[in-house]
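The primary structure of each chain is shown beneath.
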Amino acid sequence: MIATIADWLGAGSLVAGALLSLAAGVGVLRFPDALSRMHAATKPQVLGVLLLLLGIALRLRTPTDLGMILLVAVFQLSTAPVAAQMIGRAAYRSGRLDRGLLDADELAERGPGSGSAGPA
Amino acid sequence: MTGPTEPAPDRPAVVGRGRLGRWRDQAVALGWLVVVWSLLWGDITWANLVGGLLVGGAVLVFFPLPAVSFGGRLRPRALLVFAGRFAVELVSASLHIARIAVQPGYRPRGAIIAVRLRVPTDLILALTAEAVSLVPGTLILEVDRDAGTLYLHVLDTHGPADLDVARDRTLVVEQRIVRAVGSTAEVRRVETTSPQKGTRP
Amino acid sequence: MTTLLAVVLTVLLSITALLALARLYRGPSLVDRVIAADMLLATMVGAVGAEAAVNRHATTLPVLVVLSLLGFVGSVSLVRFAVREQQQ
């Protein structure tokens, strides 16, 4: 009984994760500039992968595999923002953004040359 | 950075900590590395524990990390509140972005805003940046470590009011993180400064 | 039910991969291509994981660990390359 419920929940979260990934793919293709594409690529994508992992966990249900799935989830959650920040900074610095779509730019008001964290 | 700058928060946790605290940090890091190693192998055996200790020790010796000042202590309830709100916001933000992605003919507008954190220590700054970057329609573009300021790109804005909403939301995330892991002084600083005051650079 | 699930997941993930490939092909700048490649790799993580879940085996789980770290290392190094190229 519980096994069947877990199976169905697992199937549901697998499909939901795939749907979110699909929406992220549409966003990456459709959004007008690199920064908005980043939004599509990082947010629904992270939740999509997490949901897929939850689906795997619900269908496999062995403690050993759960540990490894948890590890993948932690890696995803901790590395995605770092990569996103580096890509976002590169996109901003190389001017890959549509100024007509910006309501405000407080980073430009800061002026060049003040401190920044890290290399690159 | 123009405007009144608050004095940088003193960081006594690193200075006055001495060798003992440094050793404790290393031991905690080693413990986590052993846990990761065991999870990678899939089961906990003596061979895995010893192997994890060796590999973790080698990692700590050859790739030393900068000292992170962890002045506060973990508060389980606040941590649960943070984790719960984080999950809720992750889901709602993902659905929102997914919706505007598939909405035909919609061109979302964005904005880049600066948010000055009230507790700009390295730990809080890094955690807030991570959480904000994962959660609402926001993306970290640049981190000014000296001024404790995050520069965010906000997607799908409809005017100046949305900018303030995004700024307040970021500060609330910071508040939850400080309540979960911050020291007592940091919590007091977050509670006494209202989000509207002293946050604009 | 398992067959239906496999078909639905295959269709959804294939379309996602195609969309990412289209952006990879069109992407005006290197940054766009990095985003698309990241997206493609995450779709691969999803596909490998979905296969493991549908067929109920855990042999490919280590692949997931490697893929999830590879995406990070790959995009960070590409972005550093992009910044250096642009500064020259």
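All chains use their own residue numbering, which begins from 1 and follows the written sequence. Labels follow written order: the first chain is A, the first ligand is 1, and so on. Reporting of local features is limited, given that this is a predicted model, to residues whose pLDDT is at least 70; pairs of side-chain atoms are given and counted only at 80 or more, and all residues count toward the totals for whole chains, interfaces and linings. By convention in this description, side-chain values take in all heavy atoms of the structure and omit both hydrogens and water.

### Section: the overall build of chain C
Next up, step 1: Helix and strand definitions follow DSSP, with helices as H or I runs of at least four residues and strands as E runs of at least two, each counted in order from the N terminus. Across its full length, chain C carries 3 helices and 0 strands.
Next up, step 2: Going residue by residue from the N terminus, the α and β elements of chain C occur as α-α-α.
Next up, step 3: By residue count, 43% of the 88 residues in chain C fall in the buried class.
Next up, step 4: Any pair of residues with heavy atoms lying within 4.5 Å of one another is described as a contacting pair. Counted over contacts in chain C with a minimum sequence separation of 6, partners at least 24 positions apart contribute 47%.
Next up, step 5: Per-residue and other accessible areas were derived by the Shrake-Rupley procedure at a 1.4 Å probe size, with only the shown protein chains allowed to occlude residues. When the accessible surface of chain C is totalled, it reaches about 4400 Å², and 70% of it is carbon and sulfur. Any residue under 20% of the maximum accessible area for its type is buried, any over 50% is exposed, and the rest in between are partly exposed; the area is computed with a 1.4 Å probe on protein chains only.

### With respect to the overall build of chain A
Next up, step 1: Scanning chain A for helices and strands turns up 4 helices and 1 strand.
Next up, step 2: In chain A, the succession of α and β elements from N to C terminus is α-α-α-β-α.
Next up, step 3: Split into buried and exposed, the 120 residues of chain A put 60% on the buried side.
Next up, step 4: Sequence-distant contacts, at least 24 apart, represent 69% of the contacts inside chain A between residues at least 6 apart.
Next up, step 5: Counting only carbon and sulfur atoms, one obtains 68% of the accessible surface of chain A, whose full area is about 4400 Å².

### Quick word on the side chain of Arg-37 of chain A
Next up, step 1: Mapped onto the elements of the fold, Arg-37 of chain A is located in helix α2 (residues 34-60).
Next up, step 2: We define a polar contact as two N or O atoms separated by no more than 3.5 Å, with the added condition that, inside protein, one atom must be a possible hydrogen donor and the other a possible acceptor, whereas residues neighbouring each other in sequence contribute only through side-chain atom pairs. In this structure the side chain of Arg-37 of chain A is engaged in a polar contact, spanning 3.3 Å, whose partner is the backbone oxygen of Pro-32 of chain A.
Next up, step 3: For Arg-37 of chain A, the residues in contact, after removing those within four places along its chain, are Gly-27, Val-28, Phe-31 and Pro-32 of chain A together with Arg-23, Pro-28, Asp-32 and Ile-35 of chain C.

### Here we look at the nonpolar core
Next up, step 1: Take the buried Ala, Val, Leu, Ile, Met, Phe, Trp, Tyr and Cys residues and link them wherever side-chain atoms come within 4.5 Å; each set so joined is a nonpolar core. Grouped together as the largest cluster of nonpolar side chains are 32 residues, with contacts concentrated most on Ile-113, Ile-140, Leu-150, Leu-152 and Ile-177 of chain B.
Next up, step 2: Where this core is concerned, the elements lending two or more residues are α4 (76-102), β1 (110-116), α5 (122-134), β2 (138-144), β3 (149-155), α6 (160-181) and α7 (184-192) of chain B.
Next up, step 3: Of the residues forming this core, the biggest block, 8 residues, is contributed by α6 of chain B.
Next up, step 4: What Ile-177 of chain B contacts, discounting residues up to four positions off in sequence, is Phe-82, Ile-124, Leu-127, Thr-128, Ala-131 and Gly-182 of chain B.
Next up, step 5: Counting residues in each nonpolar core, the second largest holds 31 residues, with Leu-14, Ala-18 and Ile-69 of chain A together with Ala-53 of chain C among its members.

### A look at unusual backbone geometry
Next up, step 1: Residue Arg-61 of chain A is not a glycine yet carries a positive backbone phi of 60°.
Next up, step 2: Tracing the backbone through its elements, the reader meets Arg-61 of chain A in the loop between α2 and α3 (63-93).
Next up, step 3: The phi angle at Arg-56 of chain C is positive, at roughly 55°, despite the residue not being glycine.
Next up, step 4: Within the secondary structure layout, Arg-56 of chain C lies in the loop between α2 (30-55) and α3 (61-87).

### A short note on the UniProt feature "transmembrane region" (unreviewed entry) in chain C
Next up, step 1: UniProt positions are given in the numbering used here, feature names are shortened, and annotations may be inferred rather than shown by experiment. With numbering aligned to this structure, UniProt lists the feature "transmembrane region" (unreviewed entry) at residues 34-54 and 61-83 of chain C.
Next up, step 2: The span residues 34-54 of chain C is 100% helix and 0% strand, and its two end C-alpha atoms sit 30 Å from each other.

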